[in-house]
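# Report on the structure
Next come the chains, spelled out residue by residue.
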Amino acid sequence: MRPSLRLMAAGLSLLFASLTHADEQVITALHAFPPSLIYTQSFLEFVDDVNEEGKGVIRIDVLGGPEVIGLSQQPYAVRNGVVDMAYTAASFYAGTLPERDALISSNTNAIHARQSGGIDLLNRIHQRKMDVFYLGWFDSGIKYNLYTINKPVVNDQGDLALPSLRLRSNPVYDAFFTDYLKAQPISLPTTDVYSALERSVVNATGWTQIGMNDLGWNKFLRYRIDPAFYSTDMGVIVNLESWNALSDDARRILQDVAIRHERDSALRFAKAATEQQRQLEANGMTPFKLDPAAADRYLRAAREASWRRMKRYMEHQPGGLSHYQDLIEKFNDPAVDAGKDAADTARSTTR
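Notes on the structure in this doc start here. No experiment lies behind these values; they were computed from the predicted model shown.

Cut-offs applied
Residues numbered from 1 in each chain as written. Predicted model: local features only at pLDDT ≥ 70, side-chain atom pairs only at ≥ 80, totals over all residues. Heavy atoms only, no water. Salt bridge = Lys/Arg side-chain N within 4 Å of Asp/Glu carboxyl O. Buried < 20%, exposed > 50% of the residue type's maximum accessible area, 1.4 Å probe, protein only. Helix = DSSP H or I, 4+ residues; strand = E, 2+ residues; numbered from the N terminus. Pairing = 2+ DSSP bridges. Axes fitted to C-alpha atoms, helices over the stretch in contact; angles between N-to-C directions. Phe/Tyr/Trp six-rings, centres within 6.5 Å; stacked < 30°, edge-to-face > 60°. Expected span 1.5 Å × (residues − 1). Contact = heavy atoms within 4.5 Å. Parallel < 35°, antiparallel > 145°, perpendicular 65-115°, else oblique. Left-handed = near helix turned anticlockwise from the far one by under 90°. Nonpolar A, V, L, I, M, F, W, Y, C, P; charged D, E, K, R; others polar. Core = buried A, V, L, I, M, F, W, Y, C linked by side-chain atoms within 4.5 Å. Arc of directions from axis to C-beta.

Attention now moves to the pattern of salt bridges. Evaluated as defined, the whole model comprises 20 salt bridges. As a salt-bridge pair, Asp120 and Arg114 come within 3.6 Å of each other at their nearest N and O atoms. For Asp120, a relative accessible area of 39% translates into the label partly exposed. You can call Arg114 buried: its relative accessible area is 18%. Of the charged contacts, one joins Lys330 and Asp326 as a salt bridge, the two residues approaching to 3.8 Å between their closest N and O atoms.

Set out below in structure tokens:
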């Protein structure tokens, strides 16, 4: 090929690449937690998958985490169009969307809730109340435990009796801790808990079954109270105007990858929870198991506290309790209540 033709071909190639790049739609995103945390790493894997499958169509540009916008302000930054997307806990916008308690009180995970229509229902509620598109419930099915520095004690009935508890809480489980434990929890963001434990500002906290090693809290916390309760409520929301501005192909890629990530992360995190709890025990964490009757009361109190809170706030908002029972049914699997493990149920639905 003559030099002039080579130059022309190179110029056309660059022009085509430029036009392709110009057609690629870009959305900005934030994540609630620091990059070192396993939850953030999961979200970044989702971003990588979208960017790989969406080349030339859609790209997610991650701006950062709570150092950019505080974690509790991120959902409203998405609603107001400051950023297009956030990987965040629904608890951070519970005042606007109390239906988030359907996620927290769920006994199952996103695999079941996607098939039951629960996530589609929650998405419609998000669009109406928050002006955001609920893309997916990520890293679901992971439960919480109460972790303490000092050995827990129980009363004559076998229920927890923790009068000296200085309990760090957050919006996920504050209703349960207040109603059942009669505690006055101290609300602290995740980023402040290490120093609070170090300085004995708090001597107990709730946390999920994974990620404690990433945070370093296991340096102070020595007891894990069983059984585990509740479910994580991490998900991805997208500004509704930004979502509607995307091409059909871009929306399809985002939704397809999100649904796949819902399934994969639920199964992967279930295995991670078992392994990480085993590691904590190997490093000195002592399980403190409530007896069966007390454990049943403990779990029932947790779920009912969440349902009461959801009902109390829903009935004062437009639409009232129209979706209350439907949410409870779609986000709970009767097979789990009958004794079948949620992870086993999830695996059976994907075979």
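Below, the discussion takes up the pairing of strand β9 (residues 223–229). Burial runs high along β9: seven of the seven residues are buried. For strand β5 (residues 144–148) and β9, the ladder comprises four bridges, and the chain directions are antiparallel. Within the sheet, the bridge partner assigned to Tyr147 lies in β9 and is Arg224. Here four bridges tie β9 to strand β11 (residues 286–289), and the two strands are oriented parallel to one another. Considered in β11, the bridge of Tyr223 is made with Thr286.

With respect to topology, five strands assemble into an open sheet ordered β2-β1-β3-β10-β4, the strand pairing being mixed. Strand pairing shows two members of the sheet lacking a second neighbour, β2 (58–64) and β4 (132–137), which therefore form its edges. Taken pair by pair, the neighbouring strands of this sheet meet at an average axis angle of 30°, ignoring direction. As defined by bridge partners, strand β3 (residues 85–89) adjoins strand β10 (residues 234–239) across five bridges and the pair is classed as antiparallel. Bridging from a neighbouring strand, Ala86 pairs with Ile237 of β10.

Bringing unusual backbone geometry into the picture now. Here the residue pair Asp226 and Pro227 is connected by a cis peptide bond, since its omega of 15° sits within 30 degrees of zero. By secondary structure assignment, the location of Pro227 is in strand β9. The backbone of Asp139 sits at a positive phi, close to 55°, despite the residue not being glycine. Positive phi outside glycine occurs at Ser200, with the angle close to 60°. With respect to the helices and strands, the residue Ser200 is situated in the loop between α8 (190–198) and β8 (204–208). The partly exposed category is assigned to Ser200, whose relative accessible area is 42%.

Our next topic: the packing of aromatic side chains. Two measures describe an aromatic ring pair: the distance that separates the ring centres and the angle between the ring planes. The tally for this structure, following the rule as stated, stands at 21 aromatic pairs. With 5.3 Å between their ring centres and 70° between their planes, Tyr144 and Tyr173 make a pair best called edge-to-face. With Tyr144 in strand β5 and Tyr173 in the loop between β6 (167–169) and α7 (174–180), the pair connects residues that are 29 residues apart, well separated along the chain. With respect to class, Tyr144 is no different from Tyr173; both count as buried. Ring centres of Phe229 and Tyr230 lie 5.3 Å apart, and the angle between their planes is 70°; on these two criteria the pair is classed as edge-to-face. Across the pair, exposure class does not vary: Phe229 and Tyr230 are buried alike. Site record: aromatic cluster; members linked through ring pairs are Tyr144, Tyr173, Phe176, Phe177, Phe229, Tyr230 and Tyr298.

This next bit is on helix α2 (residues 38–53). With 16 residues, α2 should reach 22 Å at 1.5 Å per residue; the first-to-last C-alpha distance of 23 Å fits that figure. Those residues of α2 that fall on the buried side of the exposure criterion are Ile38, Tyr39, Thr40, Ser42, Phe43, Phe46, Val47 and Val50.

All right, on to the side chain of Arg114 then. The topology assignment puts Arg114 in helix α5 (residues 110–116). With near-sequence residues (within four places) excluded, Arg114 lies in contact with Ile119, Asp120, Leu135, Gly136, Gln255, Ile259 and Glu262.

Glancing now at the environment of Val202. Mapped onto the elements of the fold, Val202 is located in the loop between α8 and β8. Sequence separation of Val202 and Arg166 is 36 residues, and the distance between their C-alpha atoms is 4.7 Å. Val202 has contacts with Ile149, Arg166, Leu167, Arg168, Ile186, Leu188, Ala196 and Leu197, leaving out every residue within four places of it along the chain.

Before going further, it helps to spend a moment on the packing of α2 against helix α11 (residues 248–282). Remark: α2 packs on α11, axes separated minimally by 10 Å, with the N-to-C direction vectors making an angle of 150°. It follows from the interaxial angle that α2 and α11 lie roughly antiparallel. Between α2 and α11 lies a crossing of right-handed hand. Here Ile38, Tyr39, Ser42, Glu45, Phe46, Asp49, Val50 and Glu53 of α2 lie close against α11, whose contacting residues are Ile253, Leu254, Val257, Ala258, Arg260, His261, Ser265, Arg268, Phe269 and Gln276. Classifying every residue of the contact of α2 with α11 gives nine nonpolar, four polar and five charged.

Counting 51 residues, the largest nonpolar core has Tyr39, Phe46, Ile60, Met85, Leu135 and Leu254 as the members making the most contacts within it. With nine residues, the top contributor of residues to this core is α11. Core analysis: the second largest hydrophobic core is formed by 29 residues, Ile69, Val78, Trp137 and Trp307 among them.

Once that is clear, we can look at α8. Three or more residues of α8 are buried, namely Thr190, Val193, Ala196 and Leu197. Around the axis of α8, the buried residues are gathered within 90° of arc, so they sit on the same side. Looking at the buried side of α8, the elements it contacts are β6, β8 and α9 (212–215). Two residues or fewer past α8, Ser200 is found with a positive phi of approximately 60°.

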